Amino acid sequence: MFTQIYVLRFPKETSDQPYIYQLVKEYDIEFNILKADILLQREGVMILELKGSSKHNVNAGLEYLKGLGVQVERLAARIHRDDEKCFQCGACTGVCPVGALYIKRPSMEVLFDPQKCTGCSLCVTVCPVRAMAVSLAEEWVVPEELIV
Amino acid sequence: MTKQKISKTYEEINARIKAGEAVVVTAEEMVGIVREKGAEQAAREVDVVTTGTFAPMCSSGMFFNFGQMVPTIKASRVWVNKVPAYAGLAAVDAYIGATEPCEDDPLNKIYPGEFRYGGGHVIEDLLRGKKVLLEAKAYGTDCYAGRKMKKEVCLDDLSFALLCNPRNGYQNYNCAVNLSDRAVYTYMGMLKPHCRNANYCSAGELSPLLNDPLYKTIGIGTRIFLGGGIGYVTWHGTQHNPAVPRTPGGVPRKAAGTLMVQGDLKQMSPDWLRGVSILGYGNSLAVGLGIPIPILNAEMATFTGVSDKDIYTQIVDYGHDYTNGIVRSYGEVSYAQLKSGSIIVNGKEVQTAPLSSVVKAREIACMLKEWIASGRFLLNHPAETLPDGSE
């Protein structure tokens, strides 16, 4: 089994098409919608967890989407912890809903697993030194033609 | 025939430190030593136990002198990077508190407020060598005719900068939950409604005053690790309250003693003093504090051998009780339970999260251990011990 969370950005011509249905039907990929929105300029953004029998199987589905002009990026690439700033208090572990921020016991180190992160951003403002950054903001608000 | 009980003096321990022969261990290491060898033997073998804690400590700040100009000024209002400082001292003396937000901060008008910059951040910026904007206003006198001052200064430009924290190192602290039906944003972090998380803030078995629960060695004049440099305990802290319920071992079961500490800011480090922003609450300063405890006898070995499972605190509701001044506990939990990741409150399992960094606390205890073991840091006999509640 292969599971990964992706940010998908649909051009406005495609945001009304049932591509996710094709992922299921033609590529046998399970999906879990973590976030979905259609922006002002009608382009769509989704954060999806995709699960397939193998990495190859999920990649085939993603290649299909890319062929249609959908931008695909792993969500983990968009989440960052500044390890210089983080002083390992653990406040974030109380709000992270998926255990991506967690404590290793008994050393009580605060660890971050970007693969598990769903991009909810709750940790960003709860962190007392703002060590967490989720850089999704641009895609969510800026019209496609303004992104250079 | 019984062996004579061990008894050491500060002078003997310092002589061993100077000779490079002192045996120094951290409070975490001491737990196992006392468990295995017993207190008497541990006291024979160990000379000093080092403690540490690193967490937001609100009652912190800096006294500073920012130098005169021509015409001279008696500043009555002072700002550093737009953060107001208290100027009701002498002409160019002021105190900036860690919890003071930047003057144009939206505070909680946009709820919950982010409090991105405050007094704690000013202190951190100075330690990072950054220039800060100093502004002062005055009403003008015959001897101090200046009315306004505006200049950029860095830490080196200040003739005097003293970290002076009226309350640090709380001996134990509440475990916070929220029993109300809405999320609350507190100095104990974000607490979800209906008791769905519990936050706590103590270094537990590494925490200074939990290793000297009856204030036998920590007192006025105790030399300490403060903010990466050397500081001193200068008084008991505000809200110091030794008269609380205690375990048979003397460990307080709720928040009890506190320390007032100070030290020269110029020899401190931004690694150990960090400005913090607490969502919906405000600004503060995370302070690194470490205190060495001389093992004068078996009693001190027993105290410093305390482990997380022997230290208890109370579960307090911050949704309703705390702000209404209601003193009520929803149960007692040990730090071993809190550090395990979940506790039981009202029969329900609740996830816990720390606000105090054990990783940094351990690092401080290890640094202090190294300072002492290498002969660079001697122990001070306190001029007075802290009030212990007895008349």
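Thresholds, definitions, all that
Residues numbered from 1 in each chain as written. Chains lettered and ligands numbered in written order. Predicted model: local features only at pLDDT ≥ 70, side-chain atom pairs only at ≥ 80, totals over all residues. Heavy atoms only, no water. Helix = DSSP H or I, 4+ residues; strand = E, 2+ residues; numbered from the N terminus. Buried < 20%, exposed > 50% of the residue type's maximum accessible area, 1.4 Å probe, protein only. Lys, Arg positive; Asp, Glu negative; His and termini not counted. Charge placed at Lys NZ, Arg CZ, Asp CG, Glu CD. 1 Å grid on protein atoms, 1.4 Å probe; cavity = no way out; pocket = protein on both sides within 12 Å on 5 of 7 lines; lining within 4 Å. Points joined across faces, edges and corners; volume = space filled by probe spheres on them. Nonpolar A, V, L, I, M, F, W, Y, C, P; charged D, E, K, R; others polar. Pairing = 2+ DSSP bridges. Axes fitted to C-alpha atoms, helices over the stretch in contact; angles between N-to-C directions. Contact = heavy atoms within 4.5 Å. Domains from an automatic or database assignment. Buried area = accessible area lost by both parts, 1.4 Å probe. Salt bridge = Lys/Arg side-chain N within 4 Å of Asp/Glu carboxyl O. Polar contact = N/O pair within 3.5 Å; in protein donor to acceptor, adjacent residues only side chain to side chain.

- Chain A is annotated in an unreviewed UniProt entry as Ferredoxin of Desulfoprunum benzoelyticum.

1. Section: the overall build of chain A
- Per the secondary structure count, chain A includes four helices and eight strands.
- Counting from the amino terminus, helix and strand elements in chain A follow one another as β-α-β-β-α-β-β-β-β-α-β-α.
- Dimensions along the principal axes, computed over C-alpha positions, put chain A at roughly 50 × 40 × 20 Å.
- For chain A, the residues scored as buried account for 46% of the 148 residues in total.
- Averaging the coordinates of the 16 positive side-chain charges in chain A and doing the same for the 19 negative ones gives two points 5 Å apart.

2. As for the layout of surface pockets
- If you add up the space inside the largest pocket, you get close to 1,100 Å³.
- What lines the largest pocket is a set of 50 residues, among which B:Y170, B:Y173, B:N174, B:Y187 and B:M188 lie closest to the centre.
- Those elements that provide at least two residues to the lining of the largest pocket are β3 (53-56), β10 (160-168), β13 (189-191), β14 (197-200), β19 (273-278) and β22 (312-317) of chain B.
- No other element matches β3(B), which puts three residues into the lining of the largest pocket.
- Looking at the lining of the largest pocket residue by residue, the class counts come to 28 nonpolar, 19 polar and three charged.
- Estimated volume of the second largest pocket: approximately 340 Å³.
- Lining the second largest pocket are 17 residues, with A:K85, A:V129, A:R130, B:R116 and B:H121 positioned closest to its centre.
- Residue classes in the lining of the second largest pocket are distributed as four nonpolar, four polar and nine charged.

3. Digging into the sheet that holds strand β2 (residues 48-50) of chain B
Residue and element names in this part refer to chain B.
- In space, the three strands of this open sheet follow the order β1-β2-β21, with mixed pairing throughout. Sheet topology places β1 (24-26) and β21 (292-294) at the edges, where each strand pairs with a single neighbour. With direction set aside, neighbouring strand axes in the sheet form an average angle of 25 degrees.
- Across three bridges, β1 lies against β2 in parallel orientation. Residue pairing in the sheet places T26 in a bridge with T50 of β2.
- Across the sheet, helix α2 (residues 27-37) lies against β1 and β2, angled at about 100 degrees from β1, the strand it touches most.

4. A look at the domain arrangement of chain B
Residues and elements named next belong to chain B.
- When its domains are assigned, chain B resolves into domain 1 (10-57 + 165-373) and domain 2 (67-157).
- The C-alpha-based centres of domain 1 and domain 2 are spaced at 32 Å.
- Counting from both sides, the interface comprises 22 residues of domain 1 and, opposite them, 22 residues of domain 2.
- Of the roughly 1,700 Å² buried between domain 1 and domain 2, counting both surfaces, carbon and sulfur atoms make up 60%.
- On the domain 1 side of the contact with domain 2, L265, P270 and N283 bury the most area, a combined 32% of that side's loss.
- At the surface where domain 1 touches domain 2, the tally comes to one salt bridge.
- Here E124 makes a salt bridge to R274, at a shortest N to O gap of 3.6 Å.
- Scanning the region where domain 1 abuts domain 2 turns up six residue pairs in polar contact (both at pLDDT 80 or more).

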